[in-house]
Amino acid sequence: MISITAAGHELILAPEVGGSIASLTHDGRPILRGSEAPASPLDCGCFPLVPYCNRIRDGAFLFRGKRVSIAPNMVGDPSPLHGDGWLGPWLIESLGDASACLFFAHAPDEWPWEYEARQTFRLSDKGLEAEISCRNLSAEPMPCGLGFHPYFPCDDETRIDTKVERVWEVDDKVLPTGIAEPGGRYALTGEPACGRSLDNGYGGWSGEMLLTAGNGWVTRMASPDAKFFQIYSPPSGGLLAAEPVSHANAALNEPEQSWPELGLRVLEPGETMRLRMDLSLMPA
């Protein structure tokens, strides 16, 4: 693992564990859930989503007359999820006192396009600025989506505050069944963050989330490029996954003419897309 520091912030990266963030702290206070020796990206504070986010229904989709089939990639879930990047090691492309860049290369396999991805991390007195990018290296157009999968520590007193326009209800396989108003059990304004039994995607996201802890500290996450937001708040409590993502869950299964409104991009050969995430901790 590697570490960068600035202005009381410390970021520990685990490049070989899916290019993940092992931990992020400010003056010793956790901003993300931390792990000293992660064995999996699921143990870490955050991992990258590339070249798609969330699930592919039944592990297959059609793109311009071609059927693409992807095997399940997580035990117990029949739908492949979160792409390739979190499943393999990343290389350290550059490393400074307060910045780092990780690199991932994908050769065509079940995902039949060649691409390269990068994550850049910069620390300052404002916190962490992270960016993920993906460049299509194939000779043909490639569908693409990006995101981050941060895990935040929380307890019964932690409150979430963010603005969304709609929520996708899901079935027992965490696949969307329809759109609903983001109220009641789906409300995210001034509501508890933990123990919500939520695993849902939201659309029309404002691009900013605040988590206020019982001790008065506020974690701010901002992602100006992300219009979609995925929440995982398990009933057991203790953590919250709040993911800035570029497209809706299972968007690859929808007709291509629906992709722009669902946030999914098609990259032409040589084209690159990017998504940014800023994290900071401040007193209320």
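Everything here concerns the structure above.
Residues numbered from 1 in each chain as written. Predicted model: local features only at pLDDT ≥ 70, side-chain atom pairs only at ≥ 80, totals over all residues. Heavy atoms only, no water.

Student: Run through the overall build of the chain, naming residues and quoting values.
Tutor: Regarding its fold elements, the chain presents one helix and 24 strands. Its C-alpha radius of gyration of 18 Å places the chain within 12% of the 19 Å reference for a compact globule of 284 residues. C-alpha atoms of the chain, sized along the principal axes, occupy 55 × 45 × 30 Å. The 284 residues of the chain split such that 55% are buried. Considering only residue pairs separated by 6 or more positions, the chain has 63% of its internal contacts joining residues 24 or more positions apart. With an accessible surface of roughly 11900 Å², the chain has 49% of that area assigned to carbon and sulfur atoms. Across the chain, 22 positive and 38 negative side-chain charges occur, with their mean positions spaced 4 Å apart. (Helix = DSSP H or I, 4+ residues; strand = E, 2+ residues; numbered from the N terminus. Rg over C-alpha atoms; globule rule 2.2 N^0.38 Å. Buried < 20%, exposed > 50% of the residue type's maximum accessible area, 1.4 Å probe, protein only. Contact = heavy atoms within 4.5 Å. Areas by Shrake-Rupley, 256 points an atom, 1.4 Å probe, with all protein chains shown as cover. Lys, Arg positive; Asp, Glu negative; His and termini not counted. Charge placed at Lys NZ, Arg CZ, Asp CG, Glu CD.)

Student: Any chance you could break down the state of the cysteines for me, citing the residues and the numbers?
Tutor: Inspection of every chain in the model, using the stated rule, returns one disulfide. Linked covalently through their sulfurs, Cys154 and Cys194 form a disulfide whose S-S length is 1.8 Å. Judged by the torsion about the S-S bond (90°), the Cys154/Cys194 disulfide is right-handed. Residue Cys154 is found in the loop between strand 13 (147-153) and strand 14 (159-162), and its partner Cys194 is found in the loop between strand 17 (189-192) and strand 18 (198-203); the two are separated by 40 residues along the sequence. Here the two residues Cys154 and Cys194 agree in accessibility, since each one is buried. (Disulfide = S-S within 2.5 Å.)

Student: Give me the lowdown on the side chain of Gln230, citing residues and values where you can.
Tutor: Within the secondary structure, Gln230 is located in strand 21 (residues 228-233). The residues touching Gln230, leaving out its near neighbours within four places in the chain, are Asn54, Asp199, Asn200, Gly201, Ala241, Ala242, Glu243 and Asn249.

Student: Please give an account of the sheet that holds strand 14 that cites residues and values.
Tutor: One key point about sheets: their strands pair by backbone hydrogen bonds, in either a parallel or an antiparallel sense. Read across the sheet, nine strands follow the order 8-9-10-11-24-20-19-14-17 without closing on themselves; strand pairing throughout is antiparallel. Two strands lie at the open edges of the sheet, namely strand 8 (91-95) and strand 17, each paired on one side alone. Mean inter-strand twist for the sheet, computed between neighbouring axes without regard to direction, equals 20°. (Pairing = 2+ DSSP bridges. Axes fitted to C-alpha atoms, helices over the stretch in contact; angles between N-to-C directions.)

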